[in-house]
Structures are given as C-alpha cells and as structure tokens.
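Here's the letter readout for the chains.
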Amino acid sequence: MTRLLRAGSAMILAAATVLIGAIPAHGAYVPKTPPLSTPWTSQVSLTNPLPEYPRPQLTRPDWQSLNGQWQFAHATGLTNPPVGQTLGEAILVPYPVESALSGIMRHENYMWYRRTFTVPSGWSGRRVQLNFGAVTWQAAVWVNGQSVGGHTGGYDSFALDITNALTGGTNEIIVGVHSPVDAAGIPLGKQRLSPSGIFYTAASGIWQSVWLEPTAAAHVTRLDTTPDVVAGQLDLVVQTAGGTAQGVLAEVLSGGVVVGSATGTPGAHVRIPVPTARLWSPDDPFLYDLRVTLTGTGGGDVVGGYFGMRSIAKAVVNGFLRPVLNGRFVFQIGTLDQGYWPDGIYTAPTDAALAFDLQQQKNLGFNTVRKHIKVEPARWYYWADRLGLMVWQDMPSMRTGTNPSTSDRANFESELHRMVDQLRGITSIVQWQPFNEGWGEYDPARIADLVKSWDPTRLVDNNSGSNCCGFDGGNGDAIDDHIYVGPGQTQPPSATRVAELGEFGGLGLIVPGHEWQPGAGFSYEMTPDSATLTKRYAEVTDTLQGLIFSRGLSASIYTEPTDVENERNGFYTYDRQVLKMDAAQVRTANLAVQAAAGGLRLNTLVSLGATTSCCTDRYLRPNPLGVTVPVTSGSDDATKRDTTYWLRAGLADSACYSFEARGYPGQYLRHAAYRVQRAANDGSALFAQDATFCVRTGHTAQGVSFESKNFPGRFLRHINAEVYIAANGGPNSFDSTTAWAADTTWQVVSPWWRSAASLAVDQAVSLQVVTACCTNRYLRHRDSLGYTEVVTAASDATLKADATFVVRHGLADSSCYSFESRNFPGHFLRHSQFRVRKDANDGTATFAQDATFCAQPGRLAGTDVTLTSYNIATRAIRHYASEVWLAAEGGPNSPYDAASSYAADVTWHPATAWS
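Read on for a plain summary of the structure.

Conventions used here
Residues numbered from 1 in each chain as written. Predicted model: local features only at pLDDT ≥ 70, side-chain atom pairs only at ≥ 80, totals over all residues. Heavy atoms only, no water. Disulfide = S-S within 2.5 Å. Axes fitted to C-alpha atoms, helices over the stretch in contact; angles between N-to-C directions. Helix = DSSP H or I, 4+ residues; strand = E, 2+ residues; numbered from the N terminus. Left-handed = near helix turned anticlockwise from the far one by under 90°. Contact = heavy atoms within 4.5 Å. Nonpolar A, V, L, I, M, F, W, Y, C, P; charged D, E, K, R; others polar. Phe/Tyr/Trp six-rings, centres within 6.5 Å; stacked < 30°, edge-to-face > 60°. Buried < 20%, exposed > 50% of the residue type's maximum accessible area, 1.4 Å probe, protein only. Lys NZ or Arg CZ within 6 Å of the ring centre and 35° of its normal. Core = buried A, V, L, I, M, F, W, Y, C linked by side-chain atoms within 4.5 Å. Expected span 1.5 Å × (residues − 1). Polar contact = N/O pair within 3.5 Å; in protein donor to acceptor, adjacent residues only side chain to side chain. Salt bridge = Lys/Arg side-chain N within 4 Å of Asp/Glu carboxyl O. Pairing = 2+ DSSP bridges.

### Topic: the state of the cysteines
Stage number 1. Tallied over the full model, the rule gives five disulfides.
Stage number 2. Covalent S-S linkage joins Cys773 and Cys774, the inter-sulfur distance amounting to 2.0 Å. Residues Cys773 and Cys774 share a disulfide whose torsion about the S-S bond is about -85°; that sign makes it left-handed.
Stage number 3. Once the bonded cysteines of the protein are numbered in order along the sequence, the disulfide links fall as 1-2, 3-4, 5-6, 7-8, 9-10.

Quick look at the structure:
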C-alpha cells in the first residue's frame with residue numbers, strides 16, 4: 001500500500017508495503033524484447049510496475065495497487081468467465097497486450113485477465129472501490145464469480161463498488177476485454193490492426209493502472225475545478241456517489257497553510273476565495289492544494305487534490321483576435337505529442353519516462369503541447385500542470401475514410417463528453433479539439449457547439465487541419481491550418497476565431513541503430529545530419545515571427561517531439577536515446593518566437609490597447625493629455641510613435657512599471673489631478689509615485705489592469721476617450737461603475753512603432769562598418785549581392801553609388817525602414833535565404849517583409865544602429881568576411897551566425913552619403 005502525501009504542489013511518495021495477493025501457478029511471465037528499448041525499459045518492476053498513486057487530482061491515503069502479473073488467456077467472447085481456472089499465460093498489467101512489456105506482444109480481439117488479492121483488515125467497515133485508469137475498449141468484470149459491472153470506452157477511467165462481492169480471505173478478479181480496434185467504428189486515434197505510415201500498433205486491453213481503495217458509503221468521485229481569476233475564487237463542484245452526504249467543506253492550501261475555505265453541497269457550485277492569487281502560467285506553474293471533506297449524515301470522506309489559478313479568453317491584440325492567458329497574449333508554441341512508446345506502446349514504462357517527454361519539451365523552449373488524438377493517464381496531465389505546459393486536448397478520432405453510423409456517432413459523443421468531464425479540472429488544458437483532419441468527422445459545427453456547452457471556459461477548435469483535410473464548421477474559437485513543411489501562409493483570424501497552425505514541420509533524420517524498422521523510415525523532409533536538421537528547424541521556426549504580425553498567427557504546433565514507429569520527424573529518436581538537434585539552438589529559436597509576441601518585458605517597446613468591446617482598435621496616446629485613439633497598420637507615423645512606450649522599471653517601485661514615451665525621451669505617463677498625461681521627469685519623489693503603475697489581475701479576463709502606486713484602488717481607465725486613474729464608484733464622473741471593469745483592463749501589446757532608433761526618411765545614407773578592423777568599409781551591392789568594401793573619396797563613382805541608399809518608410813511597416821538603391825531606383829536591400837541582396841521590388845507581401853528592417857540602438861555603444869529583420873526578429877544585417885547576411889548570434893548557420901564579433905558586425909554607422 002502506498003500513501004500519497006502533498007507538500008505545496010509537489011507529489012511525495014512515502015514508502016509503504018504494497019500488498020500483492022497470491023497468484024496461482026500458471027505460465028511464467030516472460031518479458032519480450034521490443035524493437036527498441038528506452039532508458040526505462042529495464043527499470044520496470046515485474047511485481048509492482050507504475051507504483052505511483054494514479055490519480056493526483058483526487059487522492060486518498062489508503063489504496064492498493066493491482067498492477068503487476070496477472071494470468072492471461074485468449075477468449076472468444078465476454079461470457080462464461082473462467083472463474084477459478086488457472087490461465088495459461090502471464091501478463092504484466094497495465095501494459096497493452098501488443099507491447100513487449102506486457103509479455104504477450106500480440107493482438108487479441110477478446111481476452112481474459114485473472115488475479116487474486118486480499119483486502120487489508122484496516123479497511124473493515126468501508127466500501128471498496130475497484131478503479132481502472134483505462135481499458136481498450138470494452139470491459140466486463142467479475143469478483144469471486146459475481147458480475148460487478150463493465151465499461152465501454154478506451155480513454156476514460158471507471159470505478160466499480162465491489163464490496164458486496166468480497167470475501168474475508170483471498171478474492172479473485174476476472175476482467176474480460178474486447179478490443180476490435182479499427183474493425184469497428186469506435187474512437188481509436190492512430191491505432192491500427194495493420195499499422196503503416198502514420199498509423200501505429202494497436203494498444204489493447206488494460207493499459208492504465210488498476211487499484212483498490214476504501215471509501216465511505218458517500219464518497220467523492222470527481223472534483224470539477226474552474227478557476228475564476230477575475231473574482232479571485234475557485235469554482236468547485238464536488239461530484240459524489242453512494243450514501244447521503246449532506247455537505248461539503250472545501251479548503252484551499254498553499255505550502256500546507258489554508259488560504260481559503262467555503263462550504264456547500266455535493267453537485268452544487270462552491271465558491272472558495274483565493275486571495276491575491278498567484279497565477280499559473282508556463283513561466284510560473286504554481287499549483288494550490290485542495291482538501292475536500294464530505295460532512296453531515298453519511299459523510300466522512302476526505303480527499304486531496306490540486307489546481308492552478310489561470311484564465312483563458314480571447315482578446316484583440318494589435319488588431320488581431322488572440323488567445324490570452326491571464327489576460328496576456330502568449331504565443332503558444334508547442335509540439336504534436338502522440339504519446340507512443342516502443343516498449344509500452346500506449347503506456348510509458350515508468351512515471352519518470354512519462355515526465356521525461358514533457359520535461360524535454362519544456363527544456364527545448366516550448367510552452368504548449370498538443371495531445372494528439374489520445375488521452376493520457378492522469379499523471380501525464382499532472383506533469384503538464386506541474387511543469388507548466390499548456391495543453392491542446394484532442395479527442396481520439398474514429399476510423400478514416402468511413403462515414404460513421406448513427407450508433408458510432410452516439411458512442412463518439414458519449415466518449416467525447418466523458419473525456420471533457422474527466423479532464424475539466426486539468427489546469428494546463430486550454431483548448432479542446434473534437435476532430436482532426438476530417439477523420440471520422442461529422443457535424444463539426446454542432447459538435448463544436450456541444451463541447452462549448454459542456455465547457456465554456458476553454459477554447460474549442462472544431463476541426464484541426466480543416467484547410468487541408470476536412471471541412472470547416474465555421475464556428476468554434478480557432479481557425480487551424482496544417483501546412484507541411486510550412487509554415488507557409490496561414491489563414492488570418494476572424495472576428496470570432498483565432499489563427500493557429502495546428503501542425504507543421506515534420507523535418508526528419510534517420511539515426512542508425514535507433515530505428516523501429518531499419519530502412520523503413522520517412523518524414524516530410526529528410527535531412528542528412530544533425531547540423532542540417534537543426535539549421536532547417538531554426539529557419540522554419542524563425543519564419544513564424546513574421547506571421548505573428550502579418551497574418552495574426554497566435555499558435556504553432558511542430559511535428560513532433562519523438563519519432564513514432566517509422567515516422568522520423570522527432571527531436572528524439574523513438575527510443576528517447578538520441579536528441580537529434582542542437583538543444584540550445586532549438587531553445588533559442590522557440591524563445592525568440594515567444595518574445596516576438598511582446599508582453600511585460602522590461603526595456604522593450606509596448607503599446608497599451610483598450611479591451612472594452614466598443615474600442616478594441618483604440619490605444620493610449622498622451623498628447624500630452626491621455627486619450628485613446630484608433631490605430632491601424634495604416635495610421636500615420638506620429639500616431640504610431642505616440643502610442644508606443646518604453647516599459648521601464650517603476651520609478652517609485654521596481655516591482656511595478658513606468659511608461660517612457662518613445663518619441664519623447666525622459667517623459668513618462670503620470671497622473672495629475674487624476675488625469676493621465678505625458679510629462680518630463682523632474683526627479684521628484686512625487687513624480688516617481690505619480691508615474692508608477694503596478695500590474696494587477698485584469699478586471700476582465702481579456703487583459704491586465706494597472707493600479708496607481710500612490711492611489712491604491714485607482715486604476716488606469718479610459719472613459720469617453722479620456723484616460724484617468726479611476727476608482728470603481730468613486731466621487732468623480734470618471735469613476736462611474738458603468739463598464740468600469742472593461743475600461744480598466746488593457747492589453748500590453750507589441751509596439752505600433754517598432755524601431756527603437758530613428759533614421760531620416762527620404763534621405764540618402766551610407767552604412768559604415770564599425771568593427772575595429774574595418775571602419776573604412778561600407779555596405780554596397782555588387783552583382784545584386786550585399787558586400788562591404790573600402791570606400792574613400794578617391795573611389796570611382798559606381799562604387800560610391802553602390803554604397804549609397806535612400807532611407808524609405810518600411811515597405812511592410814512604416815515604423816521600420818527600407819533601403820532603396822541610389823543607382824537602381826525601385827531596387828531595395830532585402831534578404832533571401834539569409835543573404836542580403838539588392839532586388840527589384842516585385843510588389844509582393846513577401847518582398848515587402850524581406851526588405852523591411854527595424855532600427856534598434858547599435859549593439860555597440862554610441863549613436864549607431866542595428867538593423868533587425870521585420871519578419872525574422874532574431875536576425876540582423878551583419879557583415880562577415882566582406883559578405884552581408886541576415887544573421888543570428890550563435891545561430892545554426894555557419895559561419896555567418898558565429899557569436900565572435902557579432903555585436904560589432906551588426907552595428908552600422910549611418911554616415912554621410914557617398915553619392
């Protein structure tokens with residue numbers, strides 16, 4: 001028996017005796033050899049595999065694992081259980097029968113499992129529950145020859161009260177299982193009886209943990225937790241069964257200390273205060289503990305759980321509808337995690353292995369994981385919660401290429417509803433996806449609405465990949481493209497749906513000695529070696545940054561974290577033995593995409609957008625009094641510049657923020673007589689206080705709020721286009737309670753003016769090298785390619801003209817710059833395959849973006865500039881060995897991404913034009 005203890009948000013397993021009942025003589029368990037072994041294959045216990053408590057969100061101190069060796073036999077149906085009979089083989093539960101770890105390693109349509117156990121004497125007087133994490137697909141259960149129930153559905157857990165069938169000594173369990181896989185129209189994901197290509201080995205039978213636990217007659221069966229960040233509360237519904245419990249006591253704990261409590265009744269909403277909540281996010285995946293006690297007649301059950309406080313919503317950010325987490329747009333960059341293992345198929349060999357996949361994705365700089373057409377054991381979601389990975393949860397699809405029957409549809413909807421119910425308390429899940437690429441798809445609009453009615457707190461994507469392979473119901477919360485290799489040109493968001501790239505990538509590398517079937521591997525684009533694979537990953541990932549601004553893209557899912565059978569698209573080989581890319585370069589690329597989305601990062605440029613439904617196109621502009629004005633990509637330069645601020649550490653409190661005007665250095669947003677305005681910092685303590693605002697949880701879920709440092713309770717508010725610090729229901733007209741919550745909620749967005757340094761537009765300039773070796777060299781074009789060359793007063797006229805460019809407003813964004821050739825009008829500097837060159841403007845959006853560069857202060861001190869790419873934000877114009885490239889410091893491209901001398905090489909002096 002293992003006792004599960006909680007300390008803060010960490011799971012602690014205290015050593016205790018595991019009670020394993022005697023098993024009659026039968027064929028000995030014989031481990032099979034998988035085609036590939038993982039680092040954990042040899043660590044699997046043959047008597048007590050997966051010993052961790054299986055259900056972290058609903059824990060009890062007393063329980064008994066039934067994982068281990070069971071008797072096993074082929075069956076012809078689910079009638080006439082072999083009661084009291086010794087079966088001829090042994091199987092290691094809970095590994096699917098097709099897996100090597102099971103000891104069977106073949107498929108059976110029908111099968112019998114049998115084992116014995118004893119009930120601890122300390123459980124006397126309590127009910128005994130028999131729990132199954134999951135069984136594929138249909139299960140029938142007998143205890144001591146008595147039928148105690150059954151279940152259909154391969155992805156949801158179920159429990160049976162077996163108390164009345166128990167005896168005082170040795171007890172017998174028999175489980176009959178029917179697993180038709182793709183011979184029937186059931187949800188099955190990628191399982192196939194004849195696996196090939198992107199479809200894999202089946203996973204039949206018991207594939208998640210089995211355990212016993214004692215409960216009171218009235219006992220908790222599920223804790224439905226919904227954080228309400230705006231209200232500072234947890235909405236809890238305690239689901240129960242048996243007995244007549246009359247009340248619920250719910251307590252929220254942090255570090256073992258109760259921070260909030262409430263009482264209520266089973267099945268009803270209980271609102272528990274969570275004061276000054278610490279919000280869950282990928283950057284800070286903080287979890288609260290939960291303790292629930294049933295009270296009154298028939299009560300007495302006490303269970304533990306956990307949850308994170310976070311909000312999920314949609315908001316207009318920089319003119320595009322975006323998903324927001326805790327009121328902020330966080331670009332969701334993730335992987336297509338299929339959850340297959342070469343030794344356990346559907347079941348990870350150990351809990352450490354289960355956590356490994358998620359930890360490595362986190363280490364590589366991802367903040368999201370798409371759980372692809374599979375539902376995982378409860379501990380997988382616990383690890384996602386604890387490590388801080390947002391989860392898109394797919395529903396396992398039905399068969400491809402068939403029209404589901406009426407009964408198949410009814411079953412699909414039943415299993416879909418059960419999946420949502422079982423996982424609704426998982427903090428990390430931010431989106432449901434009922435269909436993938438049209439597989440078994442029907443009525444997508446109705447199904448999306450159905451899922452939304454079951455859980456309105458998360459986003460719903462009616463069909464992932466409808467652009468390529470299914471049909472779009474036109475509703476839900478997401479427009480989701482699949483583009484291989486991509487990322488291509490994704491669809492823009494609509495007024496109601498965010499834009500997502502639900503699958504892309506699939507870059508491959510075959511690693512000999514780590515192949516499922518040697519010679520049979522494939523990918524969407526195969527590469528010859530690790531360096532090339534890493535380089536290509538960085539290239540396609542960097543391209544996402546341009547899509548954030550040009551197409552309103554809000555999320556991307558790369559295929560995939562590991563190889564799967566003969567798919568060779570993984571960061572890791574299928575056996576998790578070899579990381580095929582350079583981890584540091586992958587992480588750098590992923591974090592750069594997230595950084596490009598903006599947010600509360602000190603010493604970066606930001607804009608402040610209104611979230612009130614009337615005014616999502618309006619941004620705070622002090623002129624010098626604070627007002628809100630509409631801003632679009634076509635707005636004039638002054639408007640864009642005036643709505644852009646440097647986000648600085650608070651002048652009066654470094655834990656808060658001050659906003660320095662981009663166009664007026666040394667001037668800050670401050671309040672005076674409650675009116676927000678722009679003013680020069682006079683160095684006084686009063687100014688510092690007036691110009692300091694502390695970020696708070698948004699008064700709506702669409703953004704964040706800013707509280708005045710020296711007037712607590714007053715928040716930055718727009719009303720009738722004017723901006724004040726306002727109280728909710730205060731004495732002034734601008735304190736009106738009407739729309740106060742929305743008016744005091746703001747989006748911190750990417751700046752409307754993206755250049756932090758300025759160049760004179762429509763003036764000729766020559767770009768001088770500042771690297772110590774080469775200050776007599778200038779950027780010039782020659783045979784359409786960019787070079788640096790020595791230019792002096794004695795140089796010929798052609799060289800001088802080639803080294804002269806006219807600064808223009810950026811072709812893709814007027815807050816950045818484009819450089820028109822002096823001697824080839826209509827030709828501009830642009831990048832192509834990372835080489836900087838001069839080409840004629842062909843009028844395409846791609847050319848405009850490639851030819852637009854945002855000016856930043858030079859990486860070396862002084863008045864010089866660094867010119868960063870508009871659409872690949874990590875890269876800047878660099879000279880290297882006289883050639884000019886678009887380069888990333890320490891990036892994957894050798895040699896021009898070399899870190900040595902990078903800061904100097906990307907710094908240019910805007911010199912007097914040579915021509």
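The rest of the description comes next.
### Topic: the packing of helix H1 (residues 351–363) against helix H2 (residues 378–387)
Stage number 1. Contact geometry for H1 and H2: axes closest at 10 Å, N-to-C directions at 35°. Note on packing geometry: the crossing formed by H1 with H2 is right-handed. For the pair H1 and H2, contact is made by Asp351, Leu354, Ala355, Leu358, Gln359 and Lys362 and by Arg379, Trp380, Trp383, Ala384 and Leu387, respectively.
Stage number 2. Each residue belonging to the contact of H1 with H2 can be placed in one class, and the counts come to seven nonpolar, one polar and three charged.

### What about the packing of aromatic side chains?
Stage number 1. Counted under the stated rule, the structure contains 41 aromatic pairs.
Stage number 2. With a centroid separation of 5.3 Å and an interplanar angle of 75°, the aromatic rings of Tyr537 and Phe571 are classed as edge-to-face. Of this pair, Tyr537 sits in helix H5 (residues 530–542) while Phe571 sits in the loop between strand S36 (553–559) and helix H7 (583–596), and the two are 34 residues apart along the sequence. Taken individually, Tyr537 and Phe571 each receive the classification buried, so the pair is uniform in this respect.
Stage number 3. Taken together, the ring pairs connect Tyr155, Tyr200, Trp207, Tyr340 and Tyr346 into an aromatic cluster.
Stage number 4. Between the NZ or CZ atom of Lys374 and the centre of the ring of Tyr346, over which it lies, the distance is 4.7 Å.

### Here's the deal with the packing of helix H3 (residues 406–423) against helix H4 (residues 444–454)
Stage number 1. Between H3 and H4, the least distance of the axes is 10 Å, while the angle of their chain directions is 35°. Note on packing geometry: the crossing formed by H3 with H4 is right-handed. For the pair H3 and H4, the contacting residues are Glu413, Leu416, His417 and Val420 in the first and Arg446, Ile447, Leu450, Val451 and Trp454 in the second.
Stage number 2. For the contact of H3 with H4, the residue count by class is six nonpolar, one polar and two charged.

### Re the environment of Gly488
Stage number 1. Along the polypeptide, Gly488 turns up in the loop between strand S32 (478–483) and strand S33 (498–505).
Stage number 2. For Gly488, a relative accessible area of 34% corresponds to the partly exposed category.
Stage number 3. Separated by 56 residues in sequence, Gly488 and Leu544 place their C-alpha atoms 9.0 Å apart.
Stage number 4. Those residues within four positions of Gly488 in sequence are excluded, and the remaining contacts are Ile483 and Leu547.

### Examining the nonpolar core
For soluble globular proteins, the rule of thumb is that nonpolar side chains tend to be buried together.
Stage number 1. Counting 100 residues, the largest nonpolar core has Tyr537 and Phe571 as the members making the most contacts within it.
Stage number 2. Counting residues in hydrophobic clusters, the runner-up holds 30 residues, among them Ala855, Leu886, Ala887 and Tyr902.

### Topic: the environment of Val511
Stage number 1. As for its position among the elements, Val511 is in the loop between strand S34 (507–508) and strand S35 (525–526).
Stage number 2. Of the residues examined, Val511 reaches a relative accessible area of 17% and is grouped as buried.
Stage number 3. The spacing of Val511 and Val248 is 263 residues in sequence and 56 Å in space, taken between C-alpha atoms.
Stage number 4. If we skip the residues at most four places from it in the chain, Val511 touches Thr573, Val578 and Lys580.

### Here's the deal with H7
Stage number 1. Spanning 14 residues, H7 covers 20 Å between terminal C-alpha atoms, matching the ideal 20 Å at 1.5 Å per step.
Stage number 2. Those residues of H7 lying buried are Val586, Ala589, Asn590, Ala592, Val593, Gln594 and Ala596.
Stage number 3. Check the buried side of H7 and you find it contacts strand S27 (332–337), H5 and helix H6 (544–550).
Stage number 4. Backbone nitrogen of Ala584 and a side-chain oxygen of the N-cap are separated by 3.2 Å at the start of H7; the cap is Asp582.
Stage number 5. Downstream of H7 by a residue or two, Gly598 has a phi angle that is positive, lying close to 80°.

### Some thoughts on the pattern of salt bridges
Stage number 1. Counting across every chain of the model gives 54 salt bridges.
Stage number 2. Residues Lys190 and Glu567 are paired through a salt bridge, measuring 3.8 Å at the closest nitrogen-oxygen approach. Here Lys190, found in the loop between strand S12 (170–178) and strand S13 (191–192), pairs with Glu567, found in the loop between S36 and H7; they are 377 residues apart in sequence, far enough to count as distant. Here the two residues Lys190 and Glu567 agree in accessibility, since each one is buried.
Stage number 3. The salt bridge partner of Glu539 is Arg536, with a shortest N-O separation of 3.0 Å.

### A closer look at the sheet that holds strand S22 (residues 288–295)
Stage number 1. Taken together, the four strands give an open sheet; going across it, the order is S20-S19-S22-S23, and neighbouring strands pair in antiparallel fashion. Only two strands of the sheet have a single partner each, and these edge strands are strand S20 (257–264) and strand S23 (302–307). Neighbour-to-neighbour, the strand axes of the sheet open up by a mean angle of 20°, direction not taken into account.
Stage number 2. The sheet contact formed by S22 and S23 spans six bridges and is antiparallel. Bridge pairing in S23 places Val292 opposite Val303.

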